[in-house]
Amino acid sequence: MTGGTAADLPPIRHNDYSPLDPPALGEWDPELPVSVIIPAHGGQHRLDLTLAALAAQTYPDHLMEVIVVDDGSEPPLRLPEIAPGGTRIVTTGSSGWGIAHAVNTGAALAEGRIIQRLDADMVVCREHIEALARWHHLAGYLVTIGAKKFVEEPALAAAQVHEGVRAGSLGSLFDLSGALPSSTEQTISRTDGLRASRNPYHVCTGPTVSMRREIFHAVGGVDPQVLRGEDTEFAYRLAAHGVVFVPDMAAQAVHLGLPAQRRDPQRAVRVVAPYLAHRVPLRRDLRKDRGRHWLVPYVEVVLHTDGPEERVREAVGAALDGSLGDVIVTLVAPWSKLSGDRRPVLDDPLFDLRLLREHFAHDERVRFADEVSATPAPIPFRYTGPVSVPLGRDTLERMIRVMQDDRSGMLVVELGGDGEATLERTEALGRARLLGADDVAASIEATHGVRRGDRPEFWPAGPTPPPPARVPASPGAKAHGREAARPAVERAPGQEQRRQEEKRGEGRRQEGRDSLLGRLRTALRN
């Protein structure tokens with residue numbers, strides 16, 4: 001049950017996890033320890049109910065620890081009488097605050113192989129932890145999502161919750177007929193359990209989600225700078241890492257109280273928008289302001305500086321001046337050889353390389369690397385092409401459009417004698433790395449597909465300017481000698497008017513000169 005390597009699992013295409021066959025609840029032997037991380041700020045009574053439900057779980061007690069992270073509660077949170085045996089309360093200290101910081105604090109202390117994030121106002125069913133953890137025994141690159149419904153908090157004691165969950169029925173505790181369903185569950189149902197979803201990270205919200213501990217740390221944890229929408233931003237980085245999102249509706253839970261989106265929907269949307277606009281490039285709807293620079297670019301353009309300096313500069317300019325504004329260019333060359341030691345300035349053997357670096361050293365859209373990184377994450381796309389074929393103004397848009405249409409993981413464009421250009425989807429690169437693939441292209445072909453194209457499709461030839469139109473000669477043109485032999489050129493609208501104005505202006509200037517000369521002659525005669 002603890003497999004999950006590339007060798008013993010069939011490839012999962014996009015997010016279709018159908019090849020995985022989880023064991024039935026209660027009919028398997030768990031092996032992986034789970035750390036449940038609960039960020040909390042106040043709300044002692046709701047926390048008591050959450051811990052009472054966790055104390056009634058089917059997952060083995062010796063394989064579960066619970067870490068409650070007190071994020072500055074006044075008065076401080078206390079450990080209630082009913083709680084799992086391995087429960088402790090820790091504080092965030094003075095180094096930061098907020099949900100993300102609290103989750104990271106708990107994850108840094110976690111000893112389990114699986115990290116289960118859970119809100120402090122969630123009452124989960126008795127199989128909740130087991131239902132999500134069983135998937136992680138199959139593969140190490142899954143993110144599992146539990147189900148939830150929102151209810152108005154009834155008057156319940158912790159002992160009642162513990163007994164009701166242990167008896168196996170949330171319905172005996174809450175009026176589920178009047179519960180508000182989560183909008184994410186509607187998306188999950190509409191996309192065949194996310195198997196057909198193009199962007200499954202959208203529904204990976206924070207109240208109940210789990211993953212292997214190494215996955216959590218590999219993407220850098222939750223961003224503490226994101227104060228709202230931190231779960232969506234975190235899920236986006238997980239997607240770029242190549243994970244597969246698996247919702248399990250058997251992991252039922254109720255959320256005590258209505259969501260913020262229901263209380264003040266307009267304000268809830270507004271507060272999230274700037275965080276996601278900067279950090280989730282796939283949200284094109286949030287990046288409508290032209291000329292803006294965003295924290296996470298949409299495309300990384302990788303150029304190897306293996307051509308003349310002028311050609312490299314032209315290729316960089318073409319990448320930055322295209323129709324996509326949120327682009328960053330990475331110039332690959334042995335930059336580490338450029339030391340600050342004394343050297344002959346004009347006869348420097350690395351003369352061209354130094355000039356190239358100085359040209360772009362102060363442009364925040366250009367960065368320098370000795371070699372190409374394994375992944376551009378969290379940037380969703382990476383283009384690599386020769387400097388001998390600068391990008392067309394809309395080449396990147398054309399390439400991305402094709403990849404988005406068929407969801408391919410890589411696009412390879414043949415450039416004839418100039419080699420080839422590739423556009424890679426970061427998510428597909430991440431999946432290949434998680435699978436430990438030796439042949440990245442073959443792995444991407446299996447999980448996302450590789451598409452090939454020709455140069456004219458993405459570098460269309462520009463329109464050929466029409467030849468100057470000729471005005472037909474008038475019947476008496478031959479009488480004008482040389483003027484008749486000179487073809488008349490049809491002028492664009494406004495051009496004839498400008499010519500006439502220039503002619504009249506010259507006439508006025510000549511009249512002025514004649515007038516001045518006449519006055520001088522009169523003065524001399526007198």
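For the structure, see preceding data.
Predicted, not measured: the structure shown is a model, and the values here were computed from it.

Novice: Would you mind going over the sheet that holds strand 10 (residues 244-248) with me for this structure?
Specialist: Strand pairing in a sheet relies on backbone hydrogen bonds, with the paired strands running either antiparallel or parallel. The seven strands lie next to each other as 3-2-1-4-9-6-10, forming an open sheet whose pairing is mixed. Of all the strands in the sheet, just strand 3 (87-91) and strand 10 have a single pairing partner and so form its edges. Each strand axis lies, on average, 20° off the axis of its neighbour in the sheet, ignoring direction. In this sheet, strand 3 lies alongside strand 2 (residues 64-70) in parallel orientation, the contact comprising five bridges. When the bridges of strand 3 are listed, Ile 67 appears paired with Arg 88. Each of strand 1 (34-40), strand 2, strand 4 (114-118), strand 6 (142-146), strand 9 (208-212) and strand 10 is contacted by helix 3 (residues 128-136), which is oriented at about 160° to strand 6, the strand it contacts most. Of the strands in this sheet, strand 4, strand 6, strand 9 and strand 10 are in contact with helix 7 (residues 230-241), which crosses strand 10 at around 130°.

Novice: Got a minute to help me understand the packing of helix 10 (residues 309-320) against helix 11 (residues 351-360) in this structure?
Specialist: Running from N to C, helix 10 and helix 11 cross one another at 25°; their axes reach a closest spacing of 10 Å. In terms of axis orientation, helix 10 runs roughly parallel to helix 11. Note on packing geometry: the crossing formed by helix 10 with helix 11 is right-handed. Seen from helix 10, the contacting residues are Glu 309, Val 312, Arg 313 and Val 316; seen from helix 11, they are Leu 355, Leu 356, His 359 and Phe 360.

Novice: How should the layout of surface pockets be read in this particular structure?
Specialist: Regions of empty space are outlined by a rolling probe, equal in size to a water molecule, passed over the atoms. In this structure, the second largest pocket spans a volume of roughly 850 Å³. Along the walls of the second largest pocket sit 45 residues, with Leu 282, Arg 284, Tyr 298, Phe 381 and Gln 404 positioned nearest its centre. Going through the elements one at a time, helix 7, helix 10, helix 12 (395-406) and helix 13 (426-434) are the ones with two or more residues in the lining of the second largest pocket. Among the elements that make up the lining of the second largest pocket, the one with the highest residue count is helix 12 (five residues). Residues that form the lining of the second largest pocket fall into these classes: 18 nonpolar, twelve polar and 15 charged.

Novice: What is the right way to read a nonpolar patch on the surface from this model?
Specialist: Nonpolar side chains collect at one region of the surface, where Val 345, Leu 346, Phe 351 and Leu 355 lie side by side and expose about 390 Å² of accessible area between them. Structurally, the position occupied by Val 345 is in the loop between strand 13 (327-332) and helix 11. Exposure remark for Val 345: the relative accessible area of 60% places this residue in the exposed category.

Novice: What exactly am I supposed to notice about the packing of aromatic side chains here?
Specialist: Centre-to-centre distance and the angle between the planes together describe a pair of aromatic rings. The full count for this structure, using the stated rule, is five aromatic pairs. Taking 5.7 Å as the distance between ring centres and 70° as the angle between the ring planes, the aromatic pair formed by Tyr 201 and Tyr 236 counts as edge-to-face. Remark: Tyr 236 occurs in helix 7 and Tyr 201 occurs in the loop between helix 5 (183-190) and strand 9; sequence separation between them is 35 residues. Across the pair, Tyr 236 and Tyr 201 agree in class, each one buried.

Novice: Got a minute to help me understand the side chain of Ser 197 in this structure?
Specialist: Inspection of the secondary structure assignment puts Ser 197 in the loop between helix 5 and strand 9. Assessed through its relative accessible area of 7%, Ser 197 is described here as buried. At 3.3 Å, the side chain of Ser 197 forms a polar contact with the backbone nitrogen of Asn 199. Not counting residues within four places of it along the chain, the set of residues in contact with Ser 197 comprises Thr 191 and Arg 407.

Novice: Sorry if this is basic, but what is going on with the packing of helix 1 (residues 44-54) against helix 4 (residues 158-166) here?
Specialist: Helix-helix packing is described using two parameters, namely the angle between the two axes and the distance between the axes. The geometry of helix 1 relative to helix 4 is characterised by a closest axis approach of 8 Å and an angle of 30° between their N-to-C directions. When the axes of helix 1 and helix 4 are compared, the pair comes out roughly parallel. At the point where helix 1 passes helix 4, the crossing takes the right-handed sense. Facing Asp 48, Leu 49, Ala 52 and Ala 53 of helix 1, the residues of helix 4 in contact are Ala 158, Val 161, His 162 and Val 165. The class makeup of the residues in the contact of helix 1 with helix 4 is six nonpolar, one polar and one charged.

Thresholds applied
- Residues numbered from 1 in each chain as written.
- Predicted model: local features only at pLDDT ≥ 70, side-chain atom pairs only at ≥ 80, totals over all residues.
- Heavy atoms only, no water.
- Pairing = 2+ DSSP bridges.
- Helix = DSSP H or I, 4+ residues; strand = E, 2+ residues; numbered from the N terminus.
- Axes fitted to C-alpha atoms, helices over the stretch in contact; angles between N-to-C directions.
- Contact = heavy atoms within 4.5 Å.
- Parallel < 35°, antiparallel > 145°, perpendicular 65-115°, else oblique.
- Left-handed = near helix turned anticlockwise from the far one by under 90°.
- 1 Å grid on protein atoms, 1.4 Å probe; cavity = no way out; pocket = protein on both sides within 12 Å on 5 of 7 lines; lining within 4 Å.
- Points joined across faces, edges and corners; volume = space filled by probe spheres on them.
- Nonpolar A, V, L, I, M, F, W, Y, C, P; charged D, E, K, R; others polar.
- Patch = residues over 30% accessible without salt bridge, like charges linked within 9 Å, V, L, I, M, F, W, Y side chains within 5 Å.
- Areas by Shrake-Rupley, 256 points an atom, 1.4 Å probe, with all protein chains shown as cover.
- Salt bridge = Lys/Arg side-chain N within 4 Å of Asp/Glu carboxyl O.
- Buried < 20%, exposed > 50% of the residue type's maximum accessible area, 1.4 Å probe, protein only.
- Phe/Tyr/Trp six-rings, centres within 6.5 Å; stacked < 30°, edge-to-face > 60°.
- Polar contact = N/O pair within 3.5 Å; in protein donor to acceptor, adjacent residues only side chain to side chain.

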